[in-house]
Each structure stands twice: as C-alpha cells, then as structure tokens.
Amino acid sequence: MTQIAAASASSNSYRPEGPTRQERRAARVERVRVAVRSLGEGFITMGVVLLLFCTYQLFWTNLSADKQTNTAINEIKQSFVIPVAPSLPGQSTVPAKIAYGQGYGLVYIPRLGSDWVKPLIEGSSLSNLKKGLTHYQGNAQPGEVGNFAVAGHRATNGEPFRNLDRMELGDLVYVQTPDSWVTYKVNKVVIVKPKDTWVLNPIPTKNPVPGVQPTNALLTMTTCNPRWASYERLIVFGTMVDKYSKTLGAPAAIRNLV
Amino acid sequence: MYVWLWRRLPGPWIVRVLEATALLAAVLALLFVVVFPWVEPRLPFTDVTVEDSTTNEQPADSVPSGVVPQEQNPAIVEPGFSTSGETLGLGLSGTTSKGARA
C-alpha cells in the first residue's frame, strides 16, 4: 500500500518536469511518420509533375503549334492574293528579301495526308519550327538551282513530319510560292548523323567533287530519327520535276486543298 | 507538406479550398509557361535539323563555313555572315544575319 502511494506520488511529482518515456517514444514515431509522409508526398508530386510534362509535350505543344500553323497558313494565303512578277527558269520563285520567321510558301505532301498542308517559314529556329516547316536560311528557295532544304518536327509541336518515314520513292511534294507551283519528286531516303550537314549542300553528296557547279533544283527534308530520339536524322531527298506559274492553277492532285 | 500548407491557409475551409485551387492554378501556370518550355529544348524531341553543333543555342540553320568552300564568294561575306548560309553564294544577298537566334 505504501509502495503504491509512493509510486503514485513520485509519478505525480515527476509529470510536470517533462513527457514520459511513452510520450517521448510517441513523439519520435510521429516525427518519423511526418518525414515518411513528406517524402511520399514529394515523390507523388514529382510523378504528377512528370505526367504534366507528358501532357505538355503530347497535347499542349501540338495545340499551341496547330494554332500557330493555321494562323501562318491564313497569312500566307492572304499574301498570295497580291500579284507578283513571274520568276525566270532556274531562279528563285520567292522575293529576294524574306525576313527571318516570315511565312512565304505552302507545302503539300499527299503521302503524309490527303489534307496535309504546312506553311513554309524562313529560318529553322525552334520558334519557327512551331509554325510549320522551316527553310534553312541561305539555302536555295523553291524552284531555284541548288538545294531547297527544310526541317520539320517529327514529334511534339505540331509534328508535321510525324510520318516522314512513310515517304516512298516517286512521291510528289508540291510547293506553292508567291508566283509559282513547284513540284519535287522524292528520289532518295537516307538516315544520317545529326552533324552531316552535307545533306544541305547544293550537291548533297558526302564527298563533293571540287569545282562541280550545281545544275539541278533539289529538295532536302530533315527531321529527327528515331521519332522520340535525336541520335540520327531522317533525310528525304527530291528533285524538281515541274515548275509553272501560279496563274495556271494548282496541280490536280491537291486542287481541292487550295 | 500539404498538411502543413493547409494549416497555414487562412480562413474557413471553403475559403481554404478556393485558396488552394488558386495556388494550384498558379503552380500549373508556372510549369506550363516557364518551366516546361525551358526544359523542352534540352530534350531530344525537338532536334530535327542537321547542324554542326551539339547544342540548340546555336542557330539551327547555320551552314558551317568550310562545308562548301568552293562556293565561297569573299565579296558578299561580311562580318557576322561567316557562318551563315550566305557562304553558299546562292544569290540570297538580301538575307540578314538574324539567323543567329538569341
């Protein structure tokens, strides 16, 4: 009896001084619990952010790029209403001065879709690539002797060249410029390394013969390969097969799109 | 983390819900407008051009000098044009060096 009273008394006298062992243990468990929960919340948050980034890449960039593409197509179509002097054979079919980022042509590729039309933008920066196909600044223009080279996204940002790997030899690429219709025929599809800039040369060969001047109007289309990676580039070459004044009307194959 | 945040939001619970929604919208906007566009060029999906550099900070459309040396016309090569496609000498004398993307 006295023992219990003593214990109870000691317990009562001890209590105000601090938590009991059980309470300290409970507080420690609670701290661990909060830490584990915070860690879990952090991981879940990172997962959600990654999923949001996928949403951004797979949907958002396409929505935003499609909007810019449609705006560019409308602007270019409006600019085509203004009459221009016809160009000479072998010459560029576009005005000499094209501002960086300006849309100045439309490209039609029936193989990539029955309603496939993309704007042609000067200069292949990332911001221009969001609008459509971009012309490598300094390279030949449509219809001009040399290499008319364009780049386009294969994944995200409107992905105009998503199915460029489906191009077959003989496929036609129609380019509408302020004064002409230029038709290229695909004659070669290759996969190269990202640094193989020879594909942009007026005579796109790996080992150019010195002194040989370009005589043909060629086409080069570049995009990434494989689709979601960047260690290669898919290159589609073509050569000009037709070029005539815009006044004669659109080529029959795409007349319903113009 | 989220409990901590919830406890610090002022007002009754209905106001807290609105505050939390606004906070979430702000975070989403920050991600989609600032963070993701910054991350995007650092991923491989947007590398569609052939170029002589490995970074996207270089103008994607520069044709390095030396690729077609026989085409070079010193008369039209001005300072700043040395690495642009101007060296192809394809008569695009009107193009400017704006190719150097910022």
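Thresholds, definitions, all that
- Residues numbered from 1 in each chain as written.
- Chains lettered and ligands numbered in written order.
- Predicted model: local features only at pLDDT ≥ 70, side-chain atom pairs only at ≥ 80, totals over all residues.
- Heavy atoms only, no water.
- Helix = DSSP H or I, 4+ residues; strand = E, 2+ residues; numbered from the N terminus.
- Expected span 1.5 Å × (residues − 1).
- Bend = angle between axes of the 7 residues up to and from the residue.
- Buried < 20%, exposed > 50% of the residue type's maximum accessible area, 1.4 Å probe, protein only.
- Contact = heavy atoms within 4.5 Å.
- Pairing = 2+ DSSP bridges.
- Axes fitted to C-alpha atoms, helices over the stretch in contact; angles between N-to-C directions.
- Phe/Tyr/Trp six-rings, centres within 6.5 Å; stacked < 30°, edge-to-face > 60°.
- Lys NZ or Arg CZ within 6 Å of the ring centre and 35° of its normal.
- Salt bridge = Lys/Arg side-chain N within 4 Å of Asp/Glu carboxyl O.
- Patch = residues over 30% accessible without salt bridge, like charges linked within 9 Å, V, L, I, M, F, W, Y side chains within 5 Å.
- Areas by Shrake-Rupley, 256 points an atom, 1.4 Å probe, with all protein chains shown as cover.
- Lys, Arg positive; Asp, Glu negative; His and termini not counted.
- Charge placed at Lys NZ, Arg CZ, Asp CG, Glu CD.
- Core = buried A, V, L, I, M, F, W, Y, C linked by side-chain atoms within 4.5 Å.
- pLDDT = per-residue confidence, 0-100.

Next up on the list: helix H2 (residues 21–80) of chain A. In an α-helix, one turn spans 3.6 residues; hence positions three or four apart end up facing the same way. Taking 1.5 Å as the rise per residue, H2 of chain A with 60 residues should run 88 Å; its terminal C-alpha atoms sit 85 Å apart, in good agreement. Of all the bends in H2 of chain A, the greatest measures close to 40 degrees and is centred on Tyr-56 of chain A.

Before going further, it helps to examine helix H2 (residues 13–39) of chain B. Between its first and last C-alpha atoms H2 of chain B spans 36 Å; for 27 residues at 1.5 Å apiece the expected length is 39 Å, and the two agree. The largest bend along H2 of chain B measures about 40 degrees and falls at Leu-31 of chain B. Taken together, the buried positions of H2 of chain B are occupied by Leu-31, Phe-32 and Phe-36 of chain B. Close packing links the buried residues of H2 of chain B with H2 of chain A.

This part covers the sheet that holds strand E4 (residues 146–151) of chain A. Residues and elements named next belong to chain A. Read once around its circumference, the closed barrel built from eight strands follows the order E1-E2-E3-E4-E7-E8-E6-E5, with strand pairing classed as mixed. The mean angle between the axes of side-by-side strands here comes to 30 degrees, regardless of whether they run parallel or antiparallel. The strands touched by H2 within the sheet are strand E1 (103–108), strand E2 (117–122) and strand E5 (172–176), with E1 carrying the most contacts at an inclination of about 105 degrees.

Glancing now at the packing of aromatic side chains. Inspection of every chain in the model, using the stated rule, returns 11 aromatic pairs over all chains. Ring plane angle 85 degrees and centroid distance 5.0 Å describe the contact between Trp-228 of chain A and Phe-45 of chain B, whose orientation is recorded as edge-to-face. In this pair, Trp-228 of chain A sits in the loop between strand E7 (217–225) and strand E8 (232–245) while Phe-45 of chain B sits in the segment after H2, so the two residues belong to two different chains. Residue Trp-228 of chain A is classed as partly exposed on the basis of its relative accessible area, which comes to 36%. Pairwise contacts between aromatic rings join Phe-53, Tyr-56 and Trp-60 of chain A together with Phe-32 and Phe-36 of chain B into one cluster. Its end group placed over the ring of Trp-116 of chain A, Lys-118 of chain A keeps NZ or CZ at 6.0 Å from the ring centre.

The subject of this paragraph is the pairing of E2 of chain A. All names here are of chain A. The buried count for E2 comes to six of six residues, which makes it a mostly enclosed element. In terms of strand pairing, E1 meets E2 through five bridges, oriented antiparallel. Within the sheet, the bridge partner assigned to Gly-105 lies in E2 and is Leu-120. Pairing analysis gives three bridges linking E2 to strand E3 (residues 133–135), with the strands arranged parallel. Paired with Glu-122 across the two strands is His-135, which belongs to E3.

Moving on: the pattern of salt bridges. Going through the model one piece at a time under the given rule, you end up with seven salt bridges over all chains. Across the salt bridge formed by Lys-130 of chain A and Glu-40 of chain B, the nearest N and O atoms sit 3.6 Å from each other. Taken together, the residues span two chains, with Lys-130 of chain A in the loop between helix H3 (126–129) and E3 and Glu-40 of chain B in the segment after H2. In this structure, Glu-159 of chain A and Arg-227 of chain A form a salt bridge, with 3.0 Å as the shortest nitrogen-oxygen distance. Pair noted here: Glu-159 of chain A is in the loop between E4 and E5 and Arg-227 of chain A is in the loop between E7 and E8, with a separation of 68 residues, a long-range link. Among the residues examined, Glu-159 of chain A registers a relative accessible area of 13% and is labelled buried.

Judged by side-chain charge, Arg-21, Arg-24, Arg-25, Arg-28 and Arg-31 of chain A come together as a positively charged surface patch. Mapped onto the elements of the fold, Arg-24 of chain A is located in helix H2.

Once that is clear, we can look at the nonpolar core. All names here are of chain A. Counting 23 residues, the largest nonpolar core has Ile-109, Phe-161, Met-167, Val-173 and Met-221 as its most contacted members. Those elements giving two or more residues to this core turn out to be E1, E4, E5, strand E6 (180–192), E7 and E8. In terms of residue count, E6 provides more of this core than any other element does, three residues in total. Ignoring sequence-local partners within four residues, the contact set of Phe-161 consists of Ile-109, Leu-112, Trp-116, Leu-133, Val-150, Ala-151, Gly-152, His-153, Arg-154, Met-221, Thr-222 and Thr-223. Counting 15 residues, the second-largest nonpolar core is a separate cluster that includes Ala-149, Trp-198, Leu-200 and Phe-237.

A separate point is the confidence of the model for chain A. Looking at chain A as a whole, its pLDDT mean stands at 88, while 94% of the residues score no less than 70. Note that residues 5–11 of chain A has pLDDT below 50 and, in this model, zero contacts with residues that lie over four places away or in other chains.

So, on to the confidence of the model for chain B. Low-pLDDT portions of the prediction should not be read for the details of their coordinates. Confidence in the prediction of chain B, expressed as mean pLDDT, is 65, and 51% of residues score 70 or more. Low pLDDT, under 50, characterises residues 54–102 of chain B; the predicted model gives this stretch 91 contacts beyond four residues in sequence or across chains.

What follows deals with unusual backbone geometry. What is expected of a backbone is that most residues other than glycine have negative phi and most peptide bonds are trans. Residues and elements named next belong to chain A. Residue Pro-226 is bonded to the preceding Asn-225 through a cis peptide linkage, with omega at -10 degrees. Mapped onto the secondary structure, Pro-226 falls in the loop between E7 and E8. Even without being a glycine, Thr-156 presents a positive backbone phi close to 65 degrees. Structurally, Thr-156 can be placed in the loop between E4 and E5. What makes Thr-156 buried here is its relative accessible area of 0%. Positive phi is not limited to glycine here, since Glu-159 has a value of about 35 degrees.

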